[in-house]
Amino acid sequence: MPYVKWMLNSEDLTPDDEMPVGRNVLELSSVRESANYTPPGTPVVTETTATSVTITWDSGNPDPVTHYIIQYRAKSPDSKYETVEDITTTRYSIGGLYPNTEYEIRVSAVNSIGQGPPSEPVETRTGEQAPASPPRNIKAQILPQNTMMVQWEEPEEPNGQIKGYRVYYTMDDSQSMSLWQIHNVQDSLITTIQSLVPQETYTIKVLAFTSVGQPSKFQVGAVSDTSIELTWEPAYEKEGIISYELRYKEGNFGTQMKKTFGPTKSYVVEGLRPNTEYRFSLAAISNKGIGAFTNEISERTLQASM
């Protein structure tokens, strides 16, 4: 008489004395569906923007996969997974994300049996974007000697790390803002503006910047006794960079000088004094206007040759 024996991998689930013998009817109860699943490989991030992340992954399953399911969430204590279903490729771009936010992403495979376990999650951060809201609570106070103190608070939606602020001010607010005077500020929520005209009323606006549109890797190249070369990686700007503005001065208190030039990756500042420290900062200009200035870098010219 035949008998039925149950195995789970190599484990014997049916002791010899319990094997059904002598019957030609077998009743199975409490049967659970079984399947072999392998989670997809941990996703690999191939591209990020301010509002999207593109990932690829290995199937991980020898059996045919009907589709994949992606789950993602912002890394915060109370965030829940959002789900994208019916993905039939092993590459996908998740859109509609928040800028400058860390996300956790995992992938599951689905075959004819059902959904398998999720992959190990991958963590990534979306890119920065220009601030979505302006600086808050701007206050101004007139000080002696035709000086004004201006202070403000960070934007509620910075969309990245704030790299600097630009204070616009004018005696005639009917003018286009491109004609207003500009005072740039880094690493501070307060500044003073000097040399104001007495007995005049000023209008003030403050603009915040992230690193979007800001040149990167701003550094010193070749140095001589009368010149300093500066190099950088071009700023990314959808509209395209049309020029750069370089500001520099001798030490901390020298008169600020300005050079404007076309799109390039380097510039040589000439006509400098020997054995003198200079401080430089750079901003990119697109059709939308001038971007955020880099942090200042300093370099000393060489001693004059005999």
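Now for a look at the structure at hand. Please read these numbers as outputs of a predicted model, since none were measured by experiment. (Residues numbered from 1 in each chain as written. Predicted model: local features only at pLDDT ≥ 70, side-chain atom pairs only at ≥ 80, totals over all residues. Heavy atoms only, no water.)

Okay, the sheet that holds strand β15 (residues 203-209) next. Read from one edge to the other, the open sheet built from three strands follows the order β13-β12-β15, with strand pairing classed as antiparallel. The sheet is open, and its two edges are formed by β13 (181-185) and β15, each paired on a single side. Averaged over all adjacent pairs, the angle separating strand axes in this sheet is 20°, with direction ignored. As paired strands, strand β12 (residues 164-170) and β15 are joined by seven bridges and run antiparallel to one another. Looking at β15, one finds that T170 is bridged to T203. (Pairing = 2+ DSSP bridges. Helix = DSSP H or I, 4+ residues; strand = E, 2+ residues; numbered from the N terminus. Axes fitted to C-alpha atoms, helices over the stretch in contact; angles between N-to-C directions.)

Take the nonpolar core next. F218, L230, L246 and F280 are the most contacted members of the largest nonpolar core, which has 17 residues in total. Listed by contribution, the elements that provide at least two residues to this core are β17 (228-233), β18 (241-250) and β21 (277-286). The next biggest cluster of nonpolar side chains, apart from the first, holds 15 residues, and it includes W57, I70, L97 and Y103. (Core = buried A, V, L, I, M, F, W, Y, C linked by side-chain atoms within 4.5 Å. Buried < 20%, exposed > 50% of the residue type's maximum accessible area, 1.4 Å probe, protein only.)

Bringing the sheet that holds strand β16 (residues 216-223) into the picture now. If you walk across this open sheet you meet the three strands as β16-β17-β20, and the pairing is antiparallel. In the strand order of this sheet, the two ends are held by β16 and β20 (266-269), each with one partner. Between one strand axis and the next, the sheet turns through 20° on average, direction left out of account. Bridge analysis of β17 against β20 gives four bridges, and the strand direction is antiparallel. Residue pairing in the sheet places E229 in a bridge with V268 of β20.

Glancing now at the pairing of strand β3 (residues 44-48). Across four bridges, β3 lies against strand β4 (residues 53-56) in antiparallel orientation. Of the residues in β4, the one forming a bridge with V45 is I55. Turn length for the β3-β4 hairpin, with the two strands adjacent in sequence and antiparallel, is four residues.

Summed over all chains, the structure comprises seven salt bridges. A salt bridge links R273 to E250; the shortest N-O distance between them is 2.9 Å. Here R273, found in the loop between β20 and β21, pairs with E250, found in strand β18; they are 23 residues apart in sequence, far enough to count as distant. Two residues, R279 and E296, come together in a salt bridge whose shortest N-O distance is 3.0 Å. Here R279 is found in strand β21, whereas its partner E296 is found in the loop between β22 (289-290) and β23 (297-300), with 17 residues between them in sequence. (Salt bridge = Lys/Arg side-chain N within 4 Å of Asp/Glu carboxyl O.)

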